[in-house]
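# Observations on chain architecture
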Amino acid sequence: MCRIGDAMAHYSLGVTTEAWLTLLVTLGVLGFLIRGRTSPAVIVFGGVLVLLVLGVIDTSEALGGFSNPAPITVAALYVLAGAVEKTGALTPLLQSTMGDKGTIRMPLLRTLGPTAGASAFLNNTPIVAMMIPQAASWAARRGISVSKFLMPISFAAVLGGTITLIGTSTNLVVAGQMEVSGLEPIGFFEIGAIGLPLTVVGLALIIAIAPRVLPARKSLMDEFTEDAKRFSVEMIVEPDGRVDGKTVTQARLRHLNGVFLASVDRGDTVIAPVRPETVLRGGNRLHFVGRAGNVVDLQEMPGLRSAELEHVLDMESPSVSYFEAVVGSRSPLVGKTLAEVGFRSSYQAAVVAIHRDGQLVDAQFGQVALRVGDTLILVSDPDFRERWADRADFLLVAPMAGKPPKATKRAWIPVVALAAVILLAAFGILDILQGALIAAIAVVVLGVLTPLEARRAVDLEVIVVIASAFGLAAAMSSSGLADVVANGLVDTFDWLGPRGVLLGIVIATVLITEMITNNAAALLMLPIAIAASAAVGLDPRGAAIAVAVMASASFLTPIGYQTNTMVMGPGGYRFTDYVRLGLPLTLTAVVLVVLLVPVVWSG
């Protein structure tokens, strides 16, 4: 620590006012991102705007990211991934992976390879979303805890993204900033010189240790089903009673203490979720969900009588469906209670359980402030997933006990389009941007996606963060802050030689990535990595690729990478479970990158 402090004190003597302003704004951006209560896009763009107003950067530097090929390419690839997900193009491959024979390690071997391979060319999110119900149903049939599979699947997708240029948006972002910095662009498979060995070693490590280090957690569905026996009850509306002919509001069933009306069964139809204006009729069966003591109180409500059923969860009902929905970092629900957002009226769904940090929340749901990674069990109509699956409100929406979509007749179209993008880019006929845009337009013109579906497939929050972060990177370079921090790294780690400096870059990238978005972390670290590597004789291109790989290799927390967040609830994981498997993987990645980068890019 003294060495770092001395180095920073030495270089602070020559720090410009612009560098100090950039440092303060950057620290402010990091603080707000870590706090996680405001949209990352608003935070990063706001930081760039402050730097523009202060005169640290000019308009072209502040808005340069919006004209850079990287965010546009990422947007086009989102559309292509959306087409693959909608048509179920990967379903035949993913359904055939686990098989029905072998120990836990054999199904892992058969599953993780295809998952990583698909992730090398597609956005990780739809791949993991398709694998979650597949793995859950397989584990249920075999009587094995799904927690042994979902985290490895997420980590395999993360590893696979380091193999090609389009494997993750982070790779494209780093490639775009490298061109801005005057470095040669990254070849399509060039990053694979590090990513492929890392993926192979990483998958082998996961298969070897995951069955031992990952605890056998109950799946969210199992835990919910068991608890439902204690807090689910059915009541019947007595004909000509005090409730017959009244709306839910008039019958005072809208705002019960700790209990809510999840569905109304009329015999020929089932209404779910129940609206305030729904009229109750004699003989209707009302399904209530809530805390056990409050459910018992319903027995004494005039106009209702008990159906004398212990629990009435029908996961296979064609009219009522149960879903699990994961709250992501960009959701407007974060920090809000269900009551504050008017959840039932806004989403046409009722929350019957909240899963957090490996267990169901035992509280009145309307008063619980939602957090990133919370998984909500919802009851709604069967079209709920179609309405909300591609919105920022939820990172994942999956039917409980559901199955991946079957491949449609048009599944070949996005597959051929993706293959064309890869081949044209690999042979230098078209660059990634041109190929991705043509492919994105093709899937819309050919009717695979509607224009609205294509627009929803693009995560605008990610695009704005990427484009805005280019402005922060420009400020770090032009103000001299990147050189100051790089010199501090060199002075701290130069006693270990060039690889020691590279180690410092890698560790800093890992730490920042686990706290904020990986794209922003990569763009903040890239100017520092380029300056530090040039000072010690490392190839700046190699250092930049090291940043890209390590910014993507997020394994330590459920919030460091969105697929890690997606599997937390369905797998029943706790926050600390990620360290069990993630720490060995992270250390492996650090060692491989530090050893291989100076060899592959020798300057």
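Rules and cut-offs
Residues numbered from 1 in each chain as written. Predicted model: local features only at pLDDT ≥ 70, side-chain atom pairs only at ≥ 80, totals over all residues. Heavy atoms only, no water. Helix = DSSP H or I, 4+ residues; strand = E, 2+ residues; numbered from the N terminus. Contact = heavy atoms within 4.5 Å. Areas by Shrake-Rupley, 256 points an atom, 1.4 Å probe, with all protein chains shown as cover. Buried < 20%, exposed > 50% of the residue type's maximum accessible area, 1.4 Å probe, protein only. Pairing = 2+ DSSP bridges. pLDDT = per-residue confidence, 0-100. Axes fitted to C-alpha atoms, helices over the stretch in contact; angles between N-to-C directions. Parallel < 35°, antiparallel > 145°, perpendicular 65-115°, else oblique. Left-handed = near helix turned anticlockwise from the far one by under 90°. Nonpolar A, V, L, I, M, F, W, Y, C, P; charged D, E, K, R; others polar. Patch = residues over 30% accessible without salt bridge, like charges linked within 9 Å, V, L, I, M, F, W, Y side chains within 5 Å. Salt bridge = Lys/Arg side-chain N within 4 Å of Asp/Glu carboxyl O. Polar contact = N/O pair within 3.5 Å; in protein donor to acceptor, adjacent residues only side chain to side chain. Expected span 1.5 Å × (residues − 1). Bend = angle between axes of the 7 residues up to and from the residue. Phe/Tyr/Trp six-rings, centres within 6.5 Å; stacked < 30°, edge-to-face > 60°.

## Focus on the overall build of the protein
The helix and strand inventory of the protein stands at 27 helices and 10 strands. Within the protein, residue pairs in contact and separated by at least 24 positions form 79% of the contacts whose partners lie at least 6 positions apart. Accessible surface computed for the protein: about 24500 Å², of which carbon and sulfur atoms make up 60%.

## Regarding the pairing of strand E7 (residues 349–356)
Of all 8 residues in E7, 8 are buried, a share of seventy percent or more. The pairing of E7 with strand E9 (residues 375–380) spans 6 bridges and is antiparallel. Note on E9: the bridge partner recorded for Ala350 is Val379. Here E7 pairs with strand E8 (residues 359–360) via 2 bridges, running antiparallel. In the sheet register, His355 faces E8, and the bridge partner there is Leu360.

## A look at the confidence of the model for the protein
Scored by pLDDT, the protein comes out at a mean of 82, with 86% of its residues at no less than 70. Counting contacts from residues 1–13, a segment whose pLDDT is below 50, to residues more than four positions away or on other chains yields 15 contacts. When the criterion is pLDDT under 50, residues 309–316 qualifies, and its contacts beyond four places in sequence or with other chains add up to 24 contacts.

## Remarks on the sheet that holds E7
Reading across the sheet, the 5 strands line up as E8-E7-E9-E6-E10 and stay open at both edges, with antiparallel pairing between neighbours. One side of each edge strand has no neighbouring strand; the edge strands of this open sheet are E8 and strand E10 (396–399). On the sheet, helix H26 (residues 562–571) packs against strand E6 (321–326), E7, E9 and E10 and is oriented at approximately 135° with respect to E6.

## Observations regarding the packing of helix H11 (residues 169–180) against helix H21 (residues 460–478)
Taken N-terminus to C-terminus, the directions of H11 and H21 make an angle of 40°; their axes are 11 Å apart at the nearest point. Regarding the angle of H11 to H21, the classification is oblique. Crossing angle aside, the handedness with which H11 passes H21 is right-handed. Touching Ser169, Val173, Gly176 and Gln177 of H11 are Ile466, Phe470 and Ala473, all from H21. Split by residue class, the contact of H11 with H21 holds 4 nonpolar, 3 polar and no charged.

## A short note on a nonpolar patch on the surface
A surface patch of nonpolar side chains, amounting to about 450 Å² of accessible area, comprises Phe45, Leu49, Val53, Leu63 and Phe66. Residue contributions to the nonpolar patch peak at 3 residues, all from helix H3 (residues 40–53).

## Some words on the pattern of salt bridges
Overall, the coordinates contain 3 salt bridges when judged by the stated rule. With a shortest N-O distance of 2.8 Å, Glu453 and Lys86 are connected by a salt bridge. Note that Glu453 is positioned in helix H20 (residues 451–457) and Lys86 in helix H6 (residues 69–87), a separation of 367 residues in sequence. Exposure remark for Glu453: the relative accessible area of 26% places this residue in the partly exposed category. A salt bridge links Arg580 to Asp577; the nearest nitrogen and oxygen atoms lie 3.4 Å apart. Here Arg580 and its partner Asp577 are both found in helix H27 (residues 577–600), 3 residues apart, which amounts to about one turn of the helix.

## Overview of the side chain of Asn171
In this structure, Asn171 sits in helix H11. Of the residues examined, Asn171 reaches a relative accessible area of 1% and is grouped as buried. Polar side-chain contacts of Asn171 include one of 2.9 Å to the backbone oxygen of Gly161. Apart from the residues within four sequence positions on either side, Asn171 is in contact with Gly161, Thr162, Thr164, Leu165, Ile191, Ala548 and Ser552.

## Overview of H27
With 24 residues, H27 should cover 34 Å at 1.5 Å per step; its first-to-last C-alpha distance of 34 Å lies within 8% of that length. Approximately 30° is the largest bend angle found in H27, and it occurs at Leu583, with the proline Pro584 only one to four residues beyond.

## Concerning the pairing of E6
Buried residues dominate E6, accounting for 6 of its 6 residues. By the alternation rule, side chains of E6 split into Ser321, Phe323 and Ala325 and Tyr322, Glu324 and Val326, which are all buried. Pairing of E6 with E10 involves 4 bridges; the strand directions are antiparallel. Bridge pairing in E10 places Ala325 opposite Val397.

## Concerning the packing of helix H25 (residues 540–552) against H27
At their nearest, the axes of H25 and H27 sit 10 Å apart, and the two run at 165° to each other. One element, H25, and the other, H27, form an angle in the roughly antiparallel class. In this structure, H25 meets H27 at a crossing whose hand is right-handed. The residues of H27 that touch H25, namely those facing Gly542, Ala543, Ala546, Val549 and Met550, are Ala589, Val590, Val593 and Val597. Residue composition of the contact of H25 with H27, by class: 8 nonpolar, 1 polar and no charged.

## Some remarks on the packing of aromatic side chains
Summed over all chains, the structure comprises 9 aromatic pairs. Members of the aromatic cluster, connected to one another through ring pairs, are Phe323, Phe343, Tyr347, Phe384, Trp388 and Phe394.

## Focus on unusual backbone geometry
Phi angles above zero are rare outside glycine, and Asp240 is one such case at about 65°. By the secondary structure assignment, Asp240 is in the loop between strand E1 (232–237) and strand E2 (259–265). With phi around 60°, Arg252 is a residue other than glycine that occupies positive phi space. Here Arg252 lies in the loop between E1 and E2. By relative accessible area, Arg252 is classed as exposed at 72%.

## Digging into the environment of Val421
Its location among the elements puts Val421 in helix H18 (residues 412–426). Taking the C-alpha atoms as reference, Val421 lies 9.3 Å from Leu437; in sequence the two are 16 residues apart.

## A word on the environment of Leu159
Among the secondary structure elements, Leu159 is positioned in helix H10 (residues 150–160). Given the relative accessible area of 1%, Leu159 is considered buried. Each C-alpha atom, one on Leu159 and one on Val200, is 8.7 Å from the other, the two residues being 41 residues apart in sequence. Here Leu159 is in contact with Leu198, Thr199, Gly202, Leu203, Ile206 and Phe555, once residues within four sequence places are set aside.

## Topic: H18
With 15 residues, H18 extends 21 Å from end C-alpha to end C-alpha; this agrees with the ideal 21 Å at 1.5 Å per step. Contact partners of the buried residues in H18: H6 and helix H19 (432–445). One or two positions beyond H18, positive phi appears at Gly428, with a value near 70°.

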